[in-house]
Amino acid sequence: MKFYSLNKKAPAVSFKEAVIRGIAPDKGLYFPESFTPLPDSFFEQIEELSKEEIAFNAIHQFVSEEIPNDELREILKNTLDFDFPVVEIEENVATLELFHGPTMAFKDVGARFMAQCLGYFSKGEKNEVTVLVATSGDTGGAVANGFLGVDGVKVVILYPSGKVSDIQERQLTTLGQNITALEVDGTFDDCQKMVKTAFLDDSILSEMKLTSANSINVARWLPQMFYFLFAYKQAKKQGKPIVFSTPSGNFGNICAGLVAQKLGMPVDHFIAATNVNDTVPQFMVTKEYTPKPSKATISNAMDVGDPSNFIRIRHLFDDNFEKLSDNLSSSSFTDDETRSAMSAIYDKSGYVADPHGAVGYLGLKKYQENHEDTYGIFLETAHPVKFLDVVEKTIDKKVPIPEQIEKVMDKEKKSIKIKSYDELKGFLLNQ
Ligand SMILES: *Cc1c(COP(=O)(O)O)cnc(C)c1O
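As named in an unreviewed UniProt entry, the chain is Threonine synthase, taken from Euzebyella marina. As recorded by UniProt, the Catalytic activity (unreviewed entry) comment attached to the chain reads in full: "O-phospho-L-homoserine + H2O = L-threonine + phosphate". Turning to the chain, the UniProt record has this under Cofactor (unreviewed entry): "pyridoxal 5'-phosphate".

Shown next, in the form of structure tokens:
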């Protein structure tokens, strides 16, 4: 399987090269040249398949020329060694909990899968690969954790100073070894811009192998389709049309869900729920894509004004607005609405949602106002403890700290402060 650049001005490459490059030389995102639907029998018998078998079937066509089956099975086993439960909280409303991994955010799966692919590809290579990644919160911790101690790979994480939660900051600044955190005086968009600039800077590229671990990287993006298949396996018995509501920032997760649909998964509709960073909800109304500077919210992992994966979504639907809007709706919610939803969920069902999950819940409820006869699943993308201040204040209850988080709470933060692209460049060239 080859991956081509969506800007169409760079050659198509193998999965391995797409993973190592991150972004194509013409700045385009890599995209699979084809999608072969899985056989009907796969979906008919999905209840009998293990997580690893589901994942293997789904990803095989994209990677099989580069990763032997045995190796792929091993990578999947290591990536997926925790649970992905669908928990019903109201009639016809369930949440898919994606926070049972080591950093308690859904990005663990993509980060671990990518780290292991890159580790496999780096075996026997002389040159180290440097992974450069911008984070609005959770990517940093998941990437740091996934790549910790992987031979032949160095990781450099950029995060906006003061704009990630205390726990998120600890998760990405305390590991050491092959992981370095750069604390940027700016917003997430500034971090993302610096990373994108570095990938196109010949004076850096001639000195080192640089790749990204944001969801622009195909190895981070594609494995996220597993979630939707795991959820389908659990919700199929409801016998109702299934709809997914995904709290969205860079739109990588929901785009992977749409890939699962493209592979034949029976699902009625997707809802991309956002906070006030509403570039996509606006697009779905006006058909005009107008990126904006990002605004800070309580669901900070979604504070993205120019979502990088939306181009992939448009491409999946041949840039046909009608086809796209048949399958995808999008709505945005304020912080006040999000807090009210967190309280309402807690009062009604005793369930503690984090702000991102609450945005997903709101998107789902809005859709179900006009589509009552559906089984709705909203994705709970982070454990509520990762947004402790907001959650505890909103529901007026203490959230117990799980063991994964306890472990980082007393470790020492280490970061390097930077203000400009030149400082990033200086760091990369002198490390
Ligand atoms: C990254 C993240 C999101 C947004 O996911 P995208 O794939 O960027 O749309 C939502 N919730 C949490 C907790 C996240 O960390």
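From this point, things continue past the structure.
Structural notes on the overall build of the chain
Secondary structure summary: the chain contains 20 helices and 13 strands in total. Over its C-alpha atoms the chain spans a radius of gyration of 20 Å, differing by no more than 12% from the 22 Å that the globule rule assigns to 431 residues. With the principal axes as the frame, the chain shows a C-alpha extent of 60 × 50 × 45 Å. Nonlocal contacts in the chain, meaning residues at least 24 apart in sequence, comprise 76% of its contacts between residues at least 6 apart. Surface summary for the chain: the accessible area is close to 16900 Å², and the carbon and sulfur share equals 46%. Seen as two clouds, the 46 positive and the 61 negative side-chain charges of the chain have centres 4 Å apart.

What to know about the nonpolar core
Among the nonpolar cores identified, the biggest contains 126 residues, and F15, F147 and L158 are the most heavily contacted of them. The dominant element in this core, judged by the number of residues it contributes, is helix α11 (residues 225-235), at nine residues. Residues contacting F147, with those up to four places away along its chain left out, are A111, M114, A115, L118, V131, V153, V155, N178, I179 and A213. Judged by nonpolar contacts, the second largest core, of 32 residues, contains V352, A353, A358 and F387.

Let's talk about the sheet that holds strand β10 (residues 269-274)
Spatial strand order, β3-β4-β12-β9-β10-β11: six strands in an open sheet with mixed pairing. Pairing within the sheet leaves two strands with one partner each, and these edge strands are β3 (86-90) and β11 (328-332). Going across the sheet, the axis of each strand differs from the next one's by a mean of 25 degrees, ignoring polarity. Of the pairings in the sheet, the one linking strand β9 (residues 242-247) to β10 comprises five bridges and is parallel in character. Residue P247 lies in a different strand from β10, and its bridge partner there is A273. Set on the sheet, helix α12 (residues 252-262) makes contact with β9, β10, β11 and β12 (375-380); between it and β10 the angle comes to about 180 degrees.

Quick word on the pattern of salt bridges
Any two side chains of opposite charge can pair, given that their charged atoms come close. Evaluation of the coordinates by the stated rule reveals 19 salt bridges. For E125, the salt bridge is made with K209, and the minimal N-O distance between the two is 3.4 Å. With E125 in the loop between α5 (107-122) and β5 (129-134) and K209 in strand β8 (residues 209-212), the pair connects residues that are 84 residues apart, well separated along the chain. A relative accessible area of 26% means that K209 is categorised as partly exposed. Of the charged contacts, one joins K413 and E169 as a salt bridge, the two residues approaching to 2.9 Å between their closest N and O atoms.

Section: the packing of helix α4 (residues 69-79) against α5
Viewed as axis vectors pointing N to C, α4 and α5 meet at an angle of 145 degrees, and their least axial separation amounts to 9 Å. At the point where α4 passes α5, the crossing takes the right-handed sense. Each of E71, L72, E74, I75, L76, N78 and T79 in α4 lies in contact with α5, whose residues at this interface are V109, R112, F113, Q116, C117 and Y120. Partitioning the contact of α4 with α5 into residue classes produces seven nonpolar, three polar and three charged.

Focus on helix α8 (residues 188-199)
Between its first and last C-alpha, α8 extends 17 Å over 12 residues, near the 16 Å set by a 1.5 Å rise per residue. When α8 is considered as a whole, its buried residues turn out to be F188, D189, C191, Q192, M194, V195, A198 and F199.

Looking at the site of the ligand
Neighbouring the ligand are 15 residues; K107, G249, N250, F251 and T381 lie closest to it. In the environment of the ligand, an oxygen atom lies 2.8 Å from a nitrogen or oxygen atom belonging to the backbone of N250. Separating a nitrogen atom of the ligand from a side-chain N or O atom of T381 is a distance of 2.7 Å. Computed on the free molecule, the ligand has an accessible area of 380 Å², of which 97% lies beneath the protein chains in the complex. Across the shell around the ligand, the residue classes tally to six nonpolar, seven polar and two charged.

What counts, and at which threshold
- Every chain is numbered independently, its residues counted from 1 as its sequence is written.
- Totals for whole chains, interfaces and linings use every residue, but because this is a predicted model, local features are given only for residues with pLDDT of at least 70 and side-chain atom pairs only at 80 or more, for both listing and counting.
- Side-chain figures throughout are based on the complete set of non-hydrogen atoms in the structure, without hydrogens or water.
- UniProt positions are given in the numbering used here, feature names are shortened, and annotations may be inferred rather than shown by experiment.
- The numbering of helices and of strands both runs from the N terminus, where a helix is a DSSP run of H or I of at least 4 residues and a strand a run of E of at least 2.
- Each radius of gyration reported is based on C-alpha atoms, and the globular scaling rule is 2.2 Å times the count of residues to the power 0.38.
- Residue contacts follow a heavy-atom distance rule, with two residues in contact if any of their heavy atoms lie within 4.5 Å.
- Here, Shrake-Rupley sampling with a 1.4 Å probe gives the accessible areas, and only protein chains in the shown set may cover a residue.
- Note on charges: Lys and Arg go in the positive column, Asp and Glu in the negative column, and His and the chain ends are not counted at all.
- By convention, the point assigned to a charge is CZ for Arg, NZ for Lys, CD for Glu and CG for Asp.
- Within this scheme, the nonpolar core is defined by two criteria: the residues are buried Ala, Val, Leu, Ile, Met, Phe, Trp, Tyr or Cys, and they are joined through side-chain atoms within 4.5 Å.
- Working definition: with a 1.4 Å probe on protein chains only, accessible area under 20% of the residue-type maximum means buried, over 50% means exposed, and in between means partly exposed.
- Two strands qualify as a pair provided that DSSP identifies no fewer than 2 bridges between them.
- Between N-to-C directions, angles cover 0 to 180 degrees, with each direction set by a line fitted to C-alpha atoms, over the stretch in contact for helices.
- We count a salt bridge whenever a side-chain nitrogen from Lys or Arg sits within 4 Å of a carboxyl oxygen from Asp or Glu.
- In this scheme the handedness of a crossing depends on how the near helix is turned from the far one: anticlockwise by less than a right angle means left-handed, clockwise means right-handed.
- Just so you know the grouping, Ala, Val, Leu, Ile, Met, Phe, Trp, Tyr, Cys and Pro go in nonpolar, Asp, Glu, Lys and Arg go in charged, and all remaining residues, Gly too, go in polar.
- In this scheme, a helix's expected span is set at 1.5 Å multiplied by one less than its residue total.
- The criterion for a residue being near a molecule or strand is simple. One of its heavy atoms has to lie within 4 Å of it.
- Polar contact criterion, stated in full: a pair of N or O atoms within 3.5 Å, where within protein one must be able to donate a hydrogen and the other to accept it, and residues adjacent in sequence count only if both atoms are side-chain atoms.

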